[in-house]
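Residue-level listing of the chains:
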Amino acid sequence: MNKLSIRDLALSGKRVFIRVDFNVPLENGTVSDDTRIRETLPTLRLAIERGARLVLASHLGRPKGKVDPKYSLQPVVTRLREFLGRQVDFASDCVGLDAEAKSNLLKNGEVLLLENVRFHPEEEKNDADFSKRLSMLCDQLFVCDAFGSAHRAHASVVGIAKYVKQAAAGLLMEKELAYLGKAISNPERPFVAVLGGAKVSDKIEVVQNLMKLADAMLIGGAMAYTFLKSQGKPVGKSLVEDDKLELAKGLLEQARSRNFRLLLPVDQVIAESPESTATKTVDIAAMPDGWMGLDVGPKTVEFFGKEIAKARTIVWNGPLGMFEKRAFASGTLGIARSVAAATKSGATSIIGGGDSVAAVEQAGVAYQISHISTGGGASLEFLAGEILPGVEALTDKPGK
Ligand code: AMP
């Protein structure tokens, strides 16, 4: 990576503004899943060890630019104190006198958490004045560890970088970029991409970019039905984006003409509605009218599994069926197990997107995956070949 790392900064005695991703789920005022907090601890611990004075900022939920106690970051303080084993102060606003005074009182190794940056509409507008006010809480040092927000040009992610001397990547950000960057720039081959989920339209750019970079692409989930319909296959009532049929057809033709292995399901689990548990497993060509495809079938799991077993790099985003429902989860869980097994045999596996992450957790194989990305949207944009604004905003390494 040609951007400064937190490891390059002289942190001792300095207030450093660290943009983290504490967008955690809350239940009854407490943090119900602290994964995102844990992911950023290496960065926080490094800053503490080096004697920095930490000013932490994050968004939580979508308060739409208004103060809404439901989205307060206050519940994170308790968990953060437990993890860091030290006092964590809290400022009830992310800008202004209270935050400034509290940041000025910090001693080396002390931590201040700011209230939700999205309580201000200026955050999402990347407002210059607001960015400047955020920067006043630090001594010209900004660290971005919020990979999950790096695709957003917001004030605490992008705008602030202009008003500091050095803007560097945190350790989590570096790790994310290292894994995803290697996959798209210098992957060990064969490189197999597995894509699923609801809509082709969300993933067109990813499909197009990965078709240039990968050796094979396995498509499942509802998005497969747009491709299947474009080939004239019967799809019954399956979710199809009719306005994307031409595009899907074009991608399949492109794949054929380039001898690219773009593989679609060969069988499916179908039902008359997603609510029904009366399911049937049939070949793709045998879809009856009035039924819908809600999961890939066992033949597909085996067929895709063989490709995955041969891979040395695997990128997976999106479930292969409506896996939230037990009746339609086998395909996705089967693929999760194949990806884990391939990783055990030496492949590098990268999983992004909340659903695929939930699937590897449900299959009990999350610990076997090489890298579980903390940013669904950000990882998709990165895989689509886009430059993430939150990365672009960081300071280049000297001489680069
Ligand atoms: P995405 O956010 O695009 O990754 O889509 C995830 C959603 O796609 C999940 O909620 C799945 O239930 C849904 N999904 C996956 N496959 C199917 C399918 N065959 N039919 C309907 N929904 C599906």
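Structure first, text after, so check above.
Residues numbered from 1 in each chain as written. Predicted model: local features only at pLDDT ≥ 70, side-chain atom pairs only at ≥ 80, totals over all residues. Heavy atoms only, no water.

Caption draft 1: Quick look at the pairing of strand S4 (residues 53-57). Counting buried residues along S4, four of its five residues qualify, which places the element largely inside the surrounding structure. Pairing of strand S1 (residues 15-19) with S4, which is carried by five bridges, proceeds in the parallel orientation. Its bridge partner lying in S4, Phe17 is registered against Val55. Alignment of S4 against strand S6 (residues 111-114), held across three bridges, turns out to be parallel. Bridging from a neighbouring strand, Leu56 pairs with Leu113 of S6. (Buried < 20%, exposed > 50% of the residue type's maximum accessible area, 1.4 Å probe, protein only. Helix = DSSP H or I, 4+ residues; strand = E, 2+ residues; numbered from the N terminus. Pairing = 2+ DSSP bridges.)

Caption draft 2: The arrangement of the packing of helix H8 (residues 204-213) against helix H10 (residues 245-257) in detail. Between H8 and H10, whose axes approach to 12 Å, the crossing angle comes to 10°. Classified by the angle between their axes, H8 and H10 sit roughly parallel to one another. Note on element contacts: H10 touches H8 through Leu247, Leu251, Gln254 and Ala255, opposite Ile204, Val207, Gln208 and Met211. (Axes fitted to C-alpha atoms, helices over the stretch in contact; angles between N-to-C directions. Parallel < 35°, antiparallel > 145°, perpendicular 65-115°, else oblique. Contact = heavy atoms within 4.5 Å.)

Caption draft 3: Region of the structure containing the sheet that holds strand S15 (residues 313-317). Taking strand neighbours across the sheet as the criterion, the six strands line up as S11-S10-S9-S15-S16-S17 in an open arrangement whose pairing is parallel. Among the strands making up the open sheet, the edge pair consists of strand S11 (261-263) and strand S17 (371-372). Bridge count for S15 against strand S16 (residues 348-352) is five bridges, and the pairing is parallel. Following the sheet pairing, Thr313 is matched in S16 by Thr348. Where helix H12 (residues 330-344) meets the sheet, its contacts fall on strand S9 (191-195), S15 and S16, and the angle it forms with S15 comes to roughly 155°.

Caption draft 4: Representation of helix H14 (residues 376-383). Along H14, the positions that sit buried rather than exposed are Ala378, Ser379, Leu380, Phe382 and Leu383. Two residues or fewer after H14 comes Gly385, characterised by a positive phi angle close to 90°.

Caption draft 5: The site of the ligand, seen in detail. What surrounds the ligand is a group of 14 residues, the closest being Ala198, Ala222, Gly293, Glu324 and Asp355. The contact in question runs from an oxygen atom of the ligand to an N or O atom on the side chain of Lys203, over 3.2 Å. The side chain of Glu324 places a nitrogen or oxygen atom 2.4 Å from an oxygen atom of the ligand. (Near = heavy atom within 4 Å. Polar contact = N/O pair within 3.5 Å; in protein donor to acceptor, adjacent residues only side chain to side chain.)

Caption draft 6: Molecular detail of the packing of aromatic side chains. Counted under the stated rule, the structure contains two aromatic pairs. Seen from their ring centres, Phe17 and Phe142 are 6.1 Å apart, and the 50° between their planes marks the pair as tilted. Of this pair, Phe17 sits in strand S1 while Phe142 sits in strand S7 (residues 141-144); the two residues are 125 residues apart in sequence, bridging distant segments of the chain. Given the relative accessible area of 0%, Phe17 is considered buried. Ring geometry for Phe303 versus Phe304: centroids 5.7 Å apart, planes at 40°, classification tilted. Take Phe303: its relative accessible area is 28%, and that puts it in the partly exposed class. Just above the ring of Trp291 sits the side chain of Lys280; from NZ or CZ to the centre is 4.4 Å. (Phe/Tyr/Trp six-rings, centres within 6.5 Å; stacked < 30°, edge-to-face > 60°. Lys NZ or Arg CZ within 6 Å of the ring centre and 35° of its normal.)

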